[in-house]
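The lines below spell out each chain.
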Amino acid sequence: MAEMDSKSPSSTSEEQKASSSSGNNTTSITATESLDLSVLQSPLFKIILDDGSACYVHKELLARLSPEWRQHTDNQMKEGLKGEMLLREVDQVTLQKFLQWAYLKEYTISSEFNDPGSALLIYTKLYVLADRFNVQEFKTFNFGKVKTLLKKRQGDQTSLTPVMVVVAARYAIGNLPNLNEDLADYLLQFMASMLSSIHHLPEFASLIREYPDAALVLLRLTPNAPSTSRLSTVNIRAWGQWNPQTPKGPIYWTKPNQGQLPLPSLAFALSSIDASSTDNIKLYASYQWVEKHLNPIYNTILDSGTTIIYGAWCRWLEIPAEHSILRTGTYNMTEPLTNAGGPKLIPIQFSQPFVRNAKVVLFINGMHFDKNYNRRINVEVVDATEKGFTLKLSTWEDTIVLGLGVTWVAYPEGTPGITSGVVNTGQFRSQKNPQQKNAWYKSFVGEAVFRSTPKIFIGLHNCDIGAGTSFRLWTEIVEGSETNQYGFMWRANTWSDTKMYSTGLAYLAFDPNLGEDDDLSAGTPV
C-alpha cells in the first residue's frame, strides 16, 4: 500500500484533503467549505478496509460526527493510541463517499456508478454505514436520496429494474438492526407494491429464504383487497346550504392512497343528488392524482358546471393495481343522446383478456340532462366475452341527454366471493305511478356465498325523474341487521315535489379479502 501525501496536520488552510490509496490509484477529497480550525489541525486518522486499502481523515472530524466514532478515535486502546482502525465489510466507494460528505456535506457519484441500480445500492450502503456509527444527519441525507430515486421510477418504469430494488433491499435488511428502520421499511413497502414483478426472481426467493421476517412483512403490506369509500358535499358544506355566493363548478376532496404503488384503479359512481332545475342538470364524479409517489393522494371531484347543487354523494371503489380479479374503466359520451336518434352502441375491449367470459356491471358516474324534459337514461351490457363487451346507452320519449359518464367493473364469470347486478324500483311497483319512498331487499341466495358481510359498492344505473322540479334522489344501503352475508336492504327516495317514476342501482358485492386467496390469472375455471 502506498501512503498518500497529505497536507501537514498543523496547516490552517481550508483546502485540507482526505486521501485514499489502493495500489497505484489515489482519490483525494478536498474540503472547500469552512471547517473549524481545530478539525483541520487535528492528527490524521487511518481507516483500513478489508482489501488492505486505506483512507486518511482528520481525527476530530470523525469524532464530531457521532459518539460512536469518537469511541474509535479517542480510546486508550490500539485504535486510539495508534491512530488507525480496521473497518470491516465496507468497500472503497462507500467509504470515499462517506468521507466526501463528512468534509463537504455532499458527495458525487462517478459516471461508472451513475446508473439507477448502482446509485440505489450506493445510497443503501451509505445509509447502513451511517446507522452503524449513528450519524443521524447522514442517515437522513441518504434516505432522502433513496426516496427521490424511487419516486422517479414511478414515472419511468424502465430506469430501475425490479432486480435492482431487490438487491438493495436485501443489503438493507441484512445489515440493519431491524425491519423498522426507515430504509428497510421503505424498501419493503416498495417491493410489496411491485410483488408481481419480483416474485419470480431468484434474488427475491433468496431474500425470502434468508429473512423470513421480511416475507411476513411483505404479506402484510401487499395491497390485494379492494376497498370502497364515498364523498358528499357535506364534507365541504351543510346539505342544502347553497346561496348565490356558493361557488359552482368542481368540489374537491383529497384522499390519501395508503402507500400503494403502482397506483390503484378507481371506479366512481353517483349515488345521491339534489340539483336545481333552473339550469340543465349536470353532475360528474371523477378523480385527479395530485402526487404520484410512495405516498400518493388524489382529489375526488364533483363537477356540476353551472348547475346549482344543493347536495350530492358519490361512491368509489379502489382496486389495487396488482389485483388478479377486478378491472375497471370508463366511457364518456359527449354527443347528445335522444330516442329519435336511437341507442348508442360502444365496443369496449379489455387491455388483457380474462381467463373466461367476463361479468360486467355498469355505474353512472356523470350525467347532463336538458332541463325541459324528464331525466331518463339506461345503460346495458351486451355480448360480454373474455375480451370485452358492448356498452349500450339509451333513453326514451322526448328526453335529451347532453352528456353521460359510465364506469364499468369487470371480473371473470363464476368467481367465488363476488356477485353483481341491478336492483330497480320496477321490481315492486309500476313505473307509471311515481312514488317518493322506495325500499326493497336484495338476496344473494343463488348468486354467491359469503363467509361474512361483504363490502358493497353501489351507484346509479338508470333513472326516470320528472322535469320541471329539482332533481332530488337519495339512495343508500340500509346498515344494520338487514344487510349481511345473505343480502342487503336498499332505498331510493325523493322528496318535495320531485316525481320519481323509476330508479335503478347497480351493485358489486365482494368478500372483504377478495384477491388474497384466489388468483384466477392462471386460467383455472371455477
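Residues numbered from 1 in each chain as written. Predicted model: local features only at pLDDT ≥ 70, side-chain atom pairs only at ≥ 80, totals over all residues. Heavy atoms only, no water.

## Details of helix α9 (residues 182-193)
An α-helical turn contains 3.6 residues, so any two residues separated by three or four positions project in the same direction.
Alright, step 1. The end-to-end C-alpha separation of α9 is 17 Å, in line with the 16 Å expected for 12 residues at 1.5 Å each.
Alright, step 2. Buried within α9 are the following residues: L183, A184, Y186, L187, L188, F190, M191, A192 and S193. (Helix = DSSP H or I, 4+ residues; strand = E, 2+ residues; numbered from the N terminus. Expected span 1.5 Å × (residues − 1). Buried < 20%, exposed > 50% of the residue type's maximum accessible area, 1.4 Å probe, protein only.)

## Details of the sheet that holds strand β22 (residues 471-478)
Alright, step 1. Here we have 6 strands laid out as an open sheet, ordered β6-β11-β8-β22-β23-β20, and antiparallel in their pairing. Either end of the sheet is taken by a strand with one partner, and the two such strands are β6 (227-232) and β20 (439-443). Ignoring which end each strand starts from, the neighbouring axes of this sheet average 25° apart.
Alright, step 2. In this structure, β6 lies alongside strand β11 (residues 309-319), joined through 6 bridges in antiparallel fashion. Within the sheet, the bridge partner assigned to L231 lies in β11 and is C314. (Pairing = 2+ DSSP bridges. Axes fitted to C-alpha atoms, helices over the stretch in contact; angles between N-to-C directions.)

## Section: the sheet that holds strand β17 (residues 388-394)
Alright, step 1. Across the sheet, 6 strands lie side by side as β14-β17-β16-β21-β24-β19; this open sheet has antiparallel pairing. Edge positions in the open sheet fall to β14 (344-349) and β19 (418-424), since each of these has one partner strand only. With direction set aside, neighbouring strand axes in the sheet form an average angle of 25°.
Alright, step 2. Inspection of the sheet shows β14 paired to β17 by 6 bridges, in the antiparallel sense. Across the sheet, residue K344 finds its bridge partner in β17, namely L393.

## Remarks on helix α8 (residues 162-175)
Alright, step 1. With 14 residues, α8 extends 20 Å between its outermost C-alpha atoms, agreeing within 8% with the 20 Å of an ideal straight helix rising 1.5 Å per residue.
Alright, step 2. Those residues of α8 that sit buried are V165, V166, A168, A169, A172 and I173. One side of α8 holds all its buried residues, which, seen down the axis, span an arc of 170°. (Arc of directions from axis to C-beta.)

## Comments concerning the pairing of β17
Alright, step 1. For β17, the tally of buried residues reaches 5 of 7 residues, placing the bulk of the element in the interior.
Alright, step 2. Bridge count between strand β16 (residues 375-382) and β17: 5 bridges; the pairing is antiparallel. Across the sheet, the residue bridging to V382 is T390, located in β17.
Alright, step 3. Hairpin connection from β16 to β17: 5 residues lie between these consecutive antiparallel strands, with D383 at a positive phi of about 55°.

## Description of the environment of P202
Alright, step 1. By the secondary structure assignment, P202 is in helix α11 (residues 202-210).
Alright, step 2. A relative accessible area of 60% means that P202 is categorised as exposed.
Alright, step 3. Sequence separation between P202 and V166 is 36 residues; the distance between their C-alpha atoms is 9.9 Å.

## A few points about unusual backbone geometry
Alright, step 1. If you check the backbone angles, E89 has positive phi at about 55° while not being a glycine.
Alright, step 2. Relative to the helices and strands, E89 is located in the loop between β5 (84-87) and α5 (92-104).
Alright, step 3. A residue is classified by how much of its surface remains accessible, and E89, at 62% relative accessible area, is exposed.
Alright, step 4. In this model, K105 sits at a positive phi of 60°, which is unusual for a non-glycine residue.
Alright, step 5. Since its relative accessible area comes to 33%, K105 is described here as partly exposed.

## Some remarks on the packing of aromatic side chains
Alright, step 1. Under the counting rule described, the total for this entry stands at 24 aromatic pairs.
Alright, step 2. When the ring of W101 is compared with that of F138, the centres are 4.5 Å apart and the planes differ by 35°; the resulting orientation is tilted. Of this pair, W101 sits in helix α5 while F138 sits in helix α7 (residues 136-155), and the two are 37 residues apart along the sequence.
Alright, step 3. Overall, the relative accessible area of 0% leaves F138 in the buried class.
Alright, step 4. An aromatic cluster is defined as three or more aromatic residues linked by ring pairs; in this entry it consists of W69, F98, W101, Y107, Y123, F133, F138 and F141.
Alright, step 5. Over the ring of W101 we find K105, and its NZ or CZ is 4.0 Å from the ring centre. (Phe/Tyr/Trp six-rings, centres within 6.5 Å; stacked < 30°, edge-to-face > 60°. Lys NZ or Arg CZ within 6 Å of the ring centre and 35° of its normal.)

## Remarks on the packing of α8 against α9
Alright, step 1. Where α8 contacts α9, the two axes come as close as 9 Å, and the packing angle between them is 150°. Relative to α9, the crossing made by α8 is left-handed. Facing V165, V166, A168, A169, A172 and I173 of α8, the residues of α9 in contact are L183, L187, L188, F190 and M191.
Alright, step 2. Looking at the contact of α8 with α9 residue by residue, the classes come out as 11 nonpolar, no polar and no charged. (Left-handed = near helix turned anticlockwise from the far one by under 90°. Contact = heavy atoms within 4.5 Å. Nonpolar A, V, L, I, M, F, W, Y, C, P; charged D, E, K, R; others polar.)

## Details of the pattern of salt bridges
Side chains that differ in sign of charge can pair as their charged atoms come close.
Alright, step 1. Scanning all chains against the criterion turns up 18 salt bridges.
Alright, step 2. In this structure, the salt-bridge partner of E210 is R170, at a minimum N-O distance of 2.3 Å. In this pair, E210 sits in helix α11 while R170 sits in helix α8, placing the two residues 40 residues apart along the sequence.
Alright, step 3. The class of E210 is partly exposed, set by a relative accessible area of 40%.
Alright, step 4. Judged by relative accessible area, R170 falls into the partly exposed class, the value being 30%.
Alright, step 5. As a salt-bridge pair, D497 and R472 come within 2.7 Å of each other at their nearest N and O atoms. Placement of D497 in the loop between β23 (487-493) and β24 (500-510) and of R472 in strand β22 is noted, with a sequence separation of 25 residues between them.
Alright, step 6. Among the residues examined, R472 registers a relative accessible area of 12% and is labelled buried. (Salt bridge = Lys/Arg side-chain N within 4 Å of Asp/Glu carboxyl O.)

## Comments concerning the side chain of T73
Alright, step 1. Turning to its location among the elements, T73 is positioned in helix α3 (residues 67-73).
Alright, step 2. Under the relative-accessibility criterion, T73 is labelled buried at 0%.
Alright, step 3. Leaving out residues up to four positions away in the same chain, T73 has contacts with F45, K59, L62, A63 and G80.

## Focus on the nonpolar core
Alright, step 1. Core analysis: the largest hydrophobic core is formed by 64 residues, its most contacted members being I47, L62, W69, L95, F98 and M191.
Alright, step 2. Core analysis: the next-biggest nonpolar cluster, separate from the first, contains 57 residues, L270, L337, A448 and F450 among them. (Core = buried A, V, L, I, M, F, W, Y, C linked by side-chain atoms within 4.5 Å.)

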